[in-house]
Amino acid sequence: MSVPLSRVDYAIIEHYVPQGARVLDVGCEDGNLLAFLEQKKAIDGRGLELSQANVNAAVARGLSVIQGDADTDLSTYPDGAFDVVILSQTLQATQAPRKVLEELLRIGKRVIVAIPNFGHWKARLHLLLRGEMPVTKSLPYSWYDTPNIHFCTLRDFVHLTEAVGATIEDSAALNAQGQRVALHAPWALWNLVGAQGIFVLRPGNGPDAQATS
């Protein structure tokens, strides 16, 4: 099984997935990330995807993916069912992001969440100068046809992790070209220059949680 593109975010996610781990990818689309992780880490992968067309495409690739909704179907999984649960570019499209994140933390020993950043400087400048909702590479939809219903910034997401009592084990910001921002900086700066954020979470709020700035 071939994977057409090894993206920077895929490589970052791969780093946090143990060899042979039991993985659930929520909102997996046609299974590209699952296929990538099967190649690189020999995972026992499962996928949950809302679009039946994407489910069919993933199953045709030999992946174990079922049709389901993150807002309603995560409750069917038992506590601690997976070593890693991944939610990539999906949280902002859910009806109840806090509930979804709480469910992810319940069923996964480690949770990896990737989100677009509505606080990126290009989005801010677009809104300031044009007075219109921004359309960018990481937020490519017009306001009237976007699947994204809960826009948030990286700092907003950090506040959400605090609200649900999660520990941020690690995190990364990606620029508009999808490259990792090498600068280790306070959240205020990452929130400005990062077009996307990737967060590695564990249940429970411990001393290693990364503080906001």
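Above: the structure in question.
S.K.: How should I be thinking about the pattern of salt bridges in this particular structure?
M.R.: Charged atoms that come close allow side chains of opposite charge to pair. A full pass over the atoms with the stated rule returns nine salt bridges. For R98, the salt bridge is made with E102, and the minimal N-O distance between the two is 3.2 Å. Of the two residues, R98 and E102 both sit in helix α5 (residues 97–107), four residues apart, roughly one turn of that helix. Across the pair R202 and E169 runs a salt bridge whose closest N-O atoms are separated by 2.3 Å. Note that R202 is positioned in strand β7 (residues 196–203) and E169 in strand β6 (residues 166–174), a separation of 33 residues in sequence. For E169, a relative accessible area of 32% gives the class partly exposed. Through salt bridges with shared partners, one network takes in R22, D44 and R46.

S.K.: Just to check I follow, could you spell out the nonpolar core for this structure?
M.R.: One broad trend across soluble globular proteins is that nonpolar side chains are buried collectively. One finds L24, V26, L74, L101, L104, F157 and L201 to be the most contacted residues of the largest nonpolar core, which totals 29 residues. At the level of secondary structure, the elements contributing two or more residues to this core comprise β1 (22–26), β4 (82–88), α5, β5 (108–116), α7 (154–163), β6 and β7. The greatest single-element share of this core, amounting to five residues, is contributed by α5. When near neighbours in sequence (up to four residues on either side) are disregarded, V26 contacts L48, A70, L74, V85, I86, L87, S88, T90 and L104. Residues Y10, Y16, L34 and A172 belong to the second largest nonpolar core, which totals 26 residues.

S.K.: What's the story with the sheet that holds β6 in this structure? I'm lost.
M.R.: Sheet strands associate in pairs through backbone hydrogen bonding, adopting either a parallel or an antiparallel arrangement. Reading across the sheet, the seven strands line up as β3-β2-β1-β4-β5-β7-β6 and stay open at both edges, with mixed pairing between neighbours. Every other strand in the sheet has two partners, leaving β3 (65–67) and β6 as the edge strands with one partner each. Strand after strand, the sheet turns through a mean of 15° between neighbouring axes, direction not considered. In terms of strand pairing, β5 meets β7 through six bridges, oriented antiparallel. Bridge assignment links A114 to a residue of β7, and that residue is I198. Docked against the sheet, helix α1 (residues 8–15) engages β4, β5, β6 and β7, running at close to 155° with respect to β6. This element, α7, spans β5, β6 and β7 of the sheet and lies at about 5° to β7.

S.K.: Is there a simple way to explain the packing of aromatic side chains in this structure?
M.R.: Each aromatic ring pair is described using two quantities: the centre-to-centre distance and the angle formed by the ring planes. By the definition in use, this model includes three aromatic pairs. Where Y77 meets F82, the ring centres are 5.6 Å apart and the plane angle is 65°; that geometry is what we call edge-to-face. In this structure Y77 comes out as buried when scored by relative accessible area, which is 17%. When the ring of F157 is compared with that of F199, the centres are 4.7 Å apart and the planes differ by 45°; the resulting orientation is tilted. Placement of F157 in helix α7 and of F199 in strand β7 is noted, with a sequence separation of 42 residues between them. The same class applies to F157 and to F199, which are both buried.

What counts and how
- Residue numbers run consecutively from 1 along every chain, following the written order of its sequence.
- Totals for whole chains, interfaces and linings use every residue, but because this is a predicted model, local features are given only for residues with pLDDT of at least 70 and side-chain atom pairs only at 80 or more, for both listing and counting.
- Excluded from the side-chain calculation are hydrogens and water; included are all heavy atoms of the structure.
- Think of a salt bridge as a Lys or Arg side-chain nitrogen and an Asp or Glu carboxyl oxygen that are within 4 Å of each other.
- By the criteria applied, helices consist of DSSP H or I runs no shorter than four residues and strands consist of E runs no shorter than two, each listed in order from the N terminus.
- Exposure classes here rest on a 1.4 Å probe applied to the protein chains alone. A residue is buried below 20% of its type maximum, exposed above 50%, and partly exposed in between.
- To define a nonpolar core, start from buried Ala, Val, Leu, Ile, Met, Phe, Trp, Tyr and Cys residues and group those joined through side-chain atoms within 4.5 Å.
- Here, residues are in contact when the closest pair of their heavy atoms is within 4.5 Å.
- When DSSP finds two or more bridges between two strands, those strands count as paired.
- The axes used here are C-alpha line fits, helices contributing only the stretch in contact, and every angle between their N-to-C directions lies in the interval 0 to 180 degrees.
- Only Phe, Tyr and Trp rings take part, Trp by its six-membered ring, and two of them pair if their centres are within 6.5 Å. Stacked means planes under 30 degrees apart, edge-to-face means over 60, and tilted covers everything else.

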